[in-house]
Structure formats: C-alpha cells, structure tokens
Amino acid sequence: GIQVEQSPPDLILQEGANSTLRCNFSDSVNNLQWFHQNPWGQLINLFYIPSGTKQNGRLSATTVATERYSLLYISSSQTTDSGVYFCAALGATNKLIFGTGTLLAVQP
Amino acid sequence: SQTIHQWPATLVQPVGSPLSLECTVEGTSNPNLYWYRQAAGRGLQLLFYSIGIDQISSEVPQNLSASRPQDRQFILSSKKLLLSDSGFYLCAWSPDRNYGYTFGSGTRLTVV
C-alpha cells in the first residue's frame, strides 16, 4: 500500500515565526489531506488538497502530485498552532493512510 | 450540514470486559465510515471501513469487530478487552472515497 512520510518529526518555533512541513507519498493519490490534532485529541481538517495550492488565513498548502509531495506552510505562528500535524493520503485502495505526524510547539 | 457524533468521550474498562463504541453521522446518506485507533505516540491505524450497510472490511486482525446496523451508524465492539486495546479511537466519514474525511471527537479507552 501507499507509504506516507512526514518531516520534520518535531519542530519548536517562537511565536511569530514561519514554518514549512513536508509530506512525501510513495504512489499516486486520489485524496491528500492535512489535519491538525489539538491537545484534546480532536483531528481538525485543514486542507483537502490532492493537487494544487490552497490558502486559509495563515495556513496554506501545496501538493505536487507528479512529484509525490505536499507542503503545509504556517505563517506568523501562534501558540494555538501547537499540536500534531498529520498528512494523510488515499491511493488506489479505499484507505486513508496517515503519516507519523509533525509535533509542533510554538513558544510565546 | 453534516455532523459526526462519537461516544463516550472516555472509558475505563477492566481486562476481559466487553466494549461497544458508537458513531453516528447526521445530514447525509450512504456515507463511507471508518474506525481508526491511535496508540500511545502518534500513528493512526485504520481498523475497519464500511462503504454500506453490512459491507465492512477489516484491516488488522485483532480482538475487535465492527458492525453497521443502520446506514449512518457504525459500532466498534469487543467481546473481551485486552490491555493492548487501550488507545484513542476515532470514527470518520466521507461522502465518497475521493472526498475529504471528517473525524469525530474520539473515545479515549483505558483497559485496566
């Protein structure tokens, strides 16, 4: 099945800094999503982005499907951005496979 | 609009006891439904998925089972819990395999 790798595994930022999270996937995808898991465990859907670029406030994402990677950009980070960011991909099978996540800590 | 409900939020159960976690979706019909587990650490593992009533696929052979008695209801069960069943269980739905998944708020299960 499809493999999903995320980097970096951990990231510490000062409030106001920008960051880029990367997701590599091993095969062509029909679905690519970015999620934020908050400290209470809830998975919040950030982007559904099998290809192209999308923006939502301080967050944006780009997926280059032909090169099998996606990037999540966080600008002007805030302490509320802390948590784990997951990339998940759905390939030829009916299964959304998650990467192991990036643990982000934004310090005041 | 569509909403997904999952309960209970937390559960502490003794080893060997049964389990029933329920997930329901409102505002849509014939959703694809999924159960994931997140053990200590980060990875989310797909346990079961269903594309229709009584159409359930199991991803990982283990001590758990799933049922879909109604179109928008998905139940995760166990006859006898093991310590290794502890974890955070998340239900999700999507209108179609090529659309985004939406997750419920999760159930944190501790087996003691």
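On a predicted model such as this, the values are computed, not experimentally measured, just so you know. (Residues numbered from 1 in each chain as written. Chains lettered and ligands numbered in written order. Predicted model: local features only at pLDDT ≥ 70, side-chain atom pairs only at ≥ 80, totals over all residues. Heavy atoms only, no water.)

**Student:** Looking at this structure, I do not really get the packing of aromatic side chains. What am I missing?
**Tutor:** A ring pair, where both rings are aromatic, is described by two values, the distance of the centres and the angle of the planes. If you walk through the whole model with that rule in mind, you get eight aromatic pairs over all chains. Judged by centre distance (5.8 Å) and plane angle (80 degrees), the rings of Phe98 of chain A and Phe103 of chain B are edge-to-face. Of this pair, Phe98 of chain A sits in strand E10 (residues 96–98) while Phe103 of chain B sits in strand E10 (residues 102–103), each in a different chain. The structure contains a cluster of three or more aromatic residues connected by ring pairs, namely Phe35, Phe86 and Phe98 of chain A together with Tyr36 and Phe103 of chain B. (Phe/Tyr/Trp six-rings, centres within 6.5 Å; stacked < 30°, edge-to-face > 60°. Helix = DSSP H or I, 4+ residues; strand = E, 2+ residues; numbered from the N terminus.)

**Student:** What exactly am I supposed to notice about the interface of chain B and chain A here?
**Tutor:** Quoted interface sizes are often the accessible area lost when the parts come together. At the interface, 20 residues of chain B touch 27 residues of chain A. Counting each side, the surface lost to burial between chain B and chain A is near 1,800 Å², with a carbon and sulfur contribution of 49%. Ranking the residues of chain B by area buried against chain A places Arg42, Arg97 and Tyr101 of chain B at the top, with a combined share of 38%. Where chain B touches chain A, the interface holds one salt bridge. Of the charged contacts, one joins Glu59 of chain B and Lys95 of chain A as a salt bridge, the two residues approaching to 3.1 Å between their closest N and O atoms. On the surface where chain B and chain A come into contact, there are five residue pairs in polar contact (both at pLDDT 80 or more). Secondary-structure elements contributing two or more residues to the side of chain B that touches chain A are strand E4 (32–38), strand E5 (44–52) and strand E9 (87–94) of chain B. When the residues that make up the side of chain B that touches chain A are grouped by side-chain class, the tally is eleven nonpolar, five polar and four charged. (Contact = heavy atoms within 4.5 Å. Buried area = accessible area lost by both parts, 1.4 Å probe. Salt bridge = Lys/Arg side-chain N within 4 Å of Asp/Glu carboxyl O. Polar contact = N/O pair within 3.5 Å; in protein donor to acceptor, adjacent residues only side chain to side chain. Nonpolar A, V, L, I, M, F, W, Y, C, P; charged D, E, K, R; others polar.)

**Student:** What's the story with the nonpolar core in this structure? I'm lost.
**Tutor:** For soluble globular proteins, the rule of thumb is that nonpolar side chains tend to be buried together. By size, the foremost hydrophobic cluster in this structure holds 22 residues, and its most contacted members are Leu32, Trp34 and Leu72 of chain A. Those elements that place two or more of their residues in this core are strand E2 (10–14), strand E3 (19–25), strand E4 (31–37), strand E5 (43–48), strand E7 (59–64), strand E8 (69–74), strand E9 (83–90) and strand E11 (102–107) of chain A. Of all hydrophobic cores here, the second largest spans 20 residues; its members include Leu11, Cys23, Leu33 and Leu109 of chain B. (Core = buried A, V, L, I, M, F, W, Y, C linked by side-chain atoms within 4.5 Å. Buried < 20%, exposed > 50% of the residue type's maximum accessible area, 1.4 Å probe, protein only.)

**Student:** Honestly, the pattern of salt bridges in this entry has me stumped. Any pointers?
**Tutor:** For side chains of opposite charge, pairing can occur when their charged atoms come near one another. Residues and elements named next belong to chain B. Scanning the entire structure with this criterion turns up five salt bridges over all chains. The salt bridge partner of Arg37 is Asp85, with a shortest N-O separation of 3.9 Å. Placement of Arg37 in strand E4 and of Asp85 in the loop between strand E8 (73–78) and E9 is noted, with a sequence separation of 48 residues between them. The exposure class assigned to Arg37 is buried, which follows from its relative accessible area of 11%. On the basis of relative accessibility, which here comes to 3%, the residue Asp85 falls in the buried class. Residue Asp71 pairs with Arg68 through a salt bridge whose shortest N-O separation is 3.3 Å. By relative accessible area, Asp71 is classed as partly exposed at 23%.

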